[in-house]
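# Breakdown of the fold
Listed below are the residues making up each chain.
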Amino acid sequence: MTAPLIEVRDVGQRFRVSSGLLEKKRQVVAVDGVSLKLMQGDVLGIVGESGCGKSTLARIILGLLPPTTGDVLIDGQDLSKLDRRERARLIQPVFQDPFSSLNPRRLVRDIVALPLHAQGNVTATDMRQRVDTMLERVGLDPAMGDRFPAQLSGGQRQRVAIARALVLRPRIVVCDEPTSALDVSVQAQILNLLAELRREFGLSYLFISHNLAVIEHVATEVAVMYLGRIVERNDTASLFHNPRHPYTKALLASVLTPEPGLGIPETGLGDAMPDPANIPPGCRFHPRCPVAIERCGRDAPTITRDGDGITECHLIATA
Amino acid sequence: MTSSLLEVDRLDIGFGPLAAVRGASLQVRRGETHCLVGESGCGKSVTALAVMGLLPRNATRKAVSMRFDGQELMGLDEKAMSRLRGDRMAMIFQEPMTSLNPAYTVGSQMAEVMLRHRGGTRRAAMDRAAELLAKVRITSPGMRLGQYPHQLSGGLRQRVMIAMALMCSPELLIADEPTTALDVTVQAQILRLLADLQTDLGLAILLITHDLGVVARTAHHVSVMYAGQVVETAPVADLFANPMHPYTRGLLSCVPVPGKVRPGDPLGSIPGMVPRVEPAFAGCAFRQRCDLARPDCAGTIPRRDAAPGHDYLCQIEPASLVAA
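About the thresholds
- Residues numbered from 1 in each chain as written.
- Chains lettered and ligands numbered in written order.
- Predicted model: local features only at pLDDT ≥ 70, side-chain atom pairs only at ≥ 80, totals over all residues.
- Helix = DSSP H or I, 4+ residues; strand = E, 2+ residues; numbered from the N terminus.
- Rg over C-alpha atoms; globule rule 2.2 N^0.38 Å.
- Buried ≥ 20, exposed ≤ 12 C-beta atoms within 10 Å, placed from the backbone.
- Contact = placed C-beta atoms within 7 Å.
- Domains from an automatic or database assignment.
- Nonpolar A, V, L, I, M, F, W, Y, C, P; charged D, E, K, R; others polar.
- Pairing = 2+ DSSP bridges.
- Core = buried A, V, L, I, M, F, W, Y, C linked by C-beta atoms within 7 Å.
- Axes fitted to C-alpha atoms, helices over the stretch in contact; angles between N-to-C directions.
- Parallel < 35°, antiparallel > 145°, perpendicular 65-115°, else oblique.
- Left-handed = near helix turned anticlockwise from the far one by under 90°.

Time to look at the overall build of chain B. Looking only at helices and strands, one finds 12 helices and 12 strands in chain B. Relative to its length of 324 residues, chain B is compact, with a C-alpha radius of gyration of 21 Å against a globular reference of 20 Å. In terms of overall dimensions, chain B has a C-alpha envelope of 65 × 50 × 40 Å along the principal axes. For chain B, the residues scored as buried account for 47% of the 324 residues in total.

Right under this line is the structure:
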């Protein structure tokens, strides 16, 4: 039995936000009691709508945000006890927006070299060589190293971000919406590159996206988040072919595949929008759920296991 | 019978030394949705702005003709144009927060459109606003009229934008990426709403999008733009079943389709980048990225017919493309 590469145990994150000068601070529950595991070589996809807490979860796992409750183990070690350099050798991020995630005043070469710098004891020649190799590996001419991010296209910038993430040869890459800001043709190039790099370097990915077609394509396992909780988790094929939670079903039904003649789906979700500052009692999905029963507004559902999958829904538990 | 409400014939738009749109022609028929699809910078949004007469001052606009319901829009002065805009033709944008005025309530912004074009009392305009908020399925419209844009969710704001665009019962609605900033579930709701409104009101919709899923599910006809040109126009089913232009084919292969692309298999992709296009640019702008390019692609490119209503801009004949 191999140990998971990432183990998240009952993690919660609360923020206090002010909604105005004279108003009382409100508590926002961004992540609430989330547990998950990422095994070596897997790609765990996390899907959900804006505000569901998926990016907050990514920041917690990257060690950028200490969770309010619970803990995170990376390769068996407590994340909060690792120092920055150890953490950087294990886990690296690739963010959504390659326009704001690269320092505009630094050369591409220096951006990619920064993690090596931070580790110390790397000679200048060694550093230059490792940066060139990595630029080449992500499909950029090493001559691009002497340009500024503003001189590159969106796809090229995302390649720089990937090179920076991989230059220390980490074991895990957290990809937070890595292709959402890109055009479709560029998105395909980046997804193909990430797949090649995973095979070549034996990487594991935590892959966050709101695009379900992308998740189905890249992930081996998928967790669906709703208002801070994972409401369903399963291997990709089971989740997409046999979704169990009503929210997963609605999400999948909303995907517009490029197939003409199928029309626009009816989601049955209604107008109530999820608000992490005002989480409904009982099942947090019940105000939008097309099949909610009376009990859903009263009691929070517990986890039902089925094979490798889990679902949090009263209707599944009693079925 | 469907006739064209909007006919754009060979539109050119330039920004200084750059040609943003080159000879783009398109037709939007009454009661139908025409999708203009392409990647960032292809000229789809400026084409829409040109129709509305909303191009920035530094842009130049030329066209053989641009007719709305038979009326020539080229050479129409700003006063006449502003009478049409918001009245018989209306536009909605990607980010409703930037197009709604944060300092005014939803009701007063909506009423202003009506008062400006049709006159009447403020009371009547407010009633019309409430009626339309209900029409776009916003619950308790009376309360929403008194709210400010920041008090609404993204999906609600987009509904307010749509309701506002409908105040004067326009015949043409131009929607520029109306659902790109929204979650998938809300996107489906908004697109459904637009389709229902089209059936009820006989609206013609020019929908600008980069999302081929949105195109497939909403369009009657589609124009694909690349580097400022319309490279292919077709009825929607024909475009997806028999794409002709190599760019259209490349674009379709880039999108993962469940059941067609096996998870984990490489997606199709288009190598290279869009070239910088100046007015003197000659030949096919896609030729450096095209597998099928040949020497004569640097010359004048003909527009070819593939099927009734289906044409494309390419040196290669339909028969050779189908075989490729």
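And the narrative resumes.
Our next topic: the overall build of chain A. Scanning chain A from terminus to terminus reveals 10 helices and 12 strands. Compactness check: chain A gives a C-alpha radius of gyration of 21 Å against a globular reference of 20 Å for 319 residues, within 12% of the reference. Over its C-alpha atoms, taken along the principal directions, chain A stretches across nearly 70 × 55 × 50 Å. Relative to its full complement of 319 residues, chain A shows a buried share of 47%. Counting contacts in chain A only where the partners sit at least 6 residues apart, residues at least 24 apart contribute 64% of the total.

Take unusual backbone geometry next. Although it is not a glycine, A:Asn121 sits at a positive phi angle of roughly 30 degrees. If you trace the backbone, A:Asn121 turns up in the loop between helix 3 (108–119) and helix 4 (124–137). At B:Glu177, a residue that is not glycine, the phi angle is positive and equals roughly 50 degrees. Among the structural elements, B:Glu177 can be located in the loop between strand 7 (172–176) and helix 8 (184–201).

Moving on, we come to the domain arrangement of chain B. Residue and element names in this part refer to chain B. If you check the domain split of chain B, you get domain 1 (4–88 + 173–323) and domain 2 (99–167). Relative placement of domain 1 and domain 2: their C-alpha centres are 30 Å apart. Tallying the contact residues gives 10 residues for domain 1 and 9 residues for domain 2. The greatest single-element share of the side of domain 1 that touches domain 2, amounting to 4 residues, is contributed by helix 8. Tallied by class, residues from the side of domain 1 that touches domain 2 come to 7 nonpolar, 2 polar and 1 charged.

Another aspect to go through is the environment of B:Thr60. Residues and elements named next belong to chain B. Inspection of the secondary structure assignment puts threonine 60 in strand 4 (residues 59–68). Taking the C-alpha atoms as reference points, threonine 60 and phenylalanine 15, separated by 45 residues in sequence, lie 6.5 Å from one another. If we skip the residues at most four places from it in the chain, threonine 60 touches Ile13 and Gly14.

Residue and element names in this part refer to chain A. The strand order across the open sheet built from 4 strands is 2-1-4-5, with neighbouring strands paired in antiparallel fashion. On the outer flanks of this sheet lie strand 2 (26–38) and strand 5 (77–78), each paired with one strand and no other. Where strand 1 (residues 6–17) lies against strand 2, 9 bridges are found, and the strand directions are antiparallel. Within strand 2, the residue paired with valine 17 across the bridge is arginine 26.

Residue and element names in this part refer to chain A. Tracing the backbone shows cysteine 283 in the loop between helix 9 (246–254) and strand 11 (303–306). The sequence separation of cysteine 283 and alanine 300 amounts to 17 residues, and the corresponding C-alpha distance is 4.7 Å. The contacts of cysteine 283, once residues within four sequence positions are left out, are Cys296, Ala300, Pro301 and His314.

For the rest of this paragraph, the subject is the nonpolar core. Counting 192 residues, the largest nonpolar core has A:Ile61, A:Val112, A:Leu206, A:Phe207, A:Val224, B:Leu172 and B:Leu206 as its most contacted members. Three or more residues apiece are contributed to this core by two domains, here domain 1 (4–88 + 173–323) and domain 2 (99–167) of chain B. Those residues in contact with B:Leu172 that lie beyond four places of it in its chain are B:Leu5, B:Leu6, B:Val28, B:Phe68, B:Arg88, B:Met89, B:Ala204 and B:Leu206.

Another aspect to go through is helix 1 (residues 54–61) of chain A. Residues and elements named next belong to chain A. With respect to burial, helix 1 is a largely interior element, 6 of its 8 residues being buried. When we look at burial in helix 1, the residues that qualify are Lys54, Thr56, Leu57, Ala58, Ile60 and Ile61. Of the residues trailing helix 1, glycine 63 is marked for its positive phi of about 80 degrees.

All names here are of chain B. Between helix 4 (residues 106–118) and helix 7 (residues 154–165), the shortest axis-to-axis distance is 9 Å and the interhelical angle comes to 25 degrees. In terms of axis orientation, helix 4 runs roughly parallel to helix 7. Judged by the sense of rotation from one axis to the other, the crossing of helix 4 with helix 7 is right-handed. Of the residues in helix 7, those touching helix 4 at Val106, Gln109, Met110 and Val113 are Val160, Ala163 and Met164. In terms of residue class, the contact of helix 4 with helix 7 is made up of 6 nonpolar, 1 polar and no charged.

All names here are of chain B. Spatial strand order, 2-1-4-5: 4 strands in an open sheet with antiparallel pairing. Each edge of the open sheet carries a strand with a single partner, namely strand 2 (18–29) and strand 5 (71–72). Its contacts with the sheet place helix 1 (residues 44–52) against strand 1 (4–15), strand 2 and strand 4, and it is angled at close to 115 degrees to strand 1.

Once that is clear, we can look at the pairing of strand 9 (residues 221–226) of chain A. Within a regular strand, side chains alternate between the sheet's two faces. All names here are of chain A. By the criterion of burial, strand 9 is predominantly enclosed, with 6 of the 6 residues buried. Residues Glu221, Ala223 and Met225 line one face of strand 9 and the alternating positions Val222, Val224 and Tyr226 line the opposite face, and both faces are buried. Where strand 3 (residues 43–47) and strand 9 come together, 4 bridges link them in parallel fashion. From the neighbouring strand, leucine 44 faces strand 9, where its bridge partner is glutamate 221. Where strand 9 and strand 10 (residues 229–235) come together, 6 bridges link them in antiparallel fashion. Directly across from glutamate 221, in strand 10, lies its bridge partner aspartate 235. Linking strand 9 to strand 10, which pair antiparallel, is a turn of 2 residues; within it leucine 227 sits at a positive phi near 45 degrees.

Between chain A and chain B, the residue contacts involve 39 residues of the former and 41 residues of the latter. Looking at the side of chain A that touches chain B, the elements with two or more residues in it are helix 6 (184–201), helix 7 (212–218), helix 8 (236–241) and helix 9 of chain A. For the side of chain A that touches chain B, the element with the highest residue contribution is helix 6 of chain A, accounting for 8 residues. For the side of chain A that touches chain B, the per-class residue count stands at 19 nonpolar, 14 polar and 6 charged.

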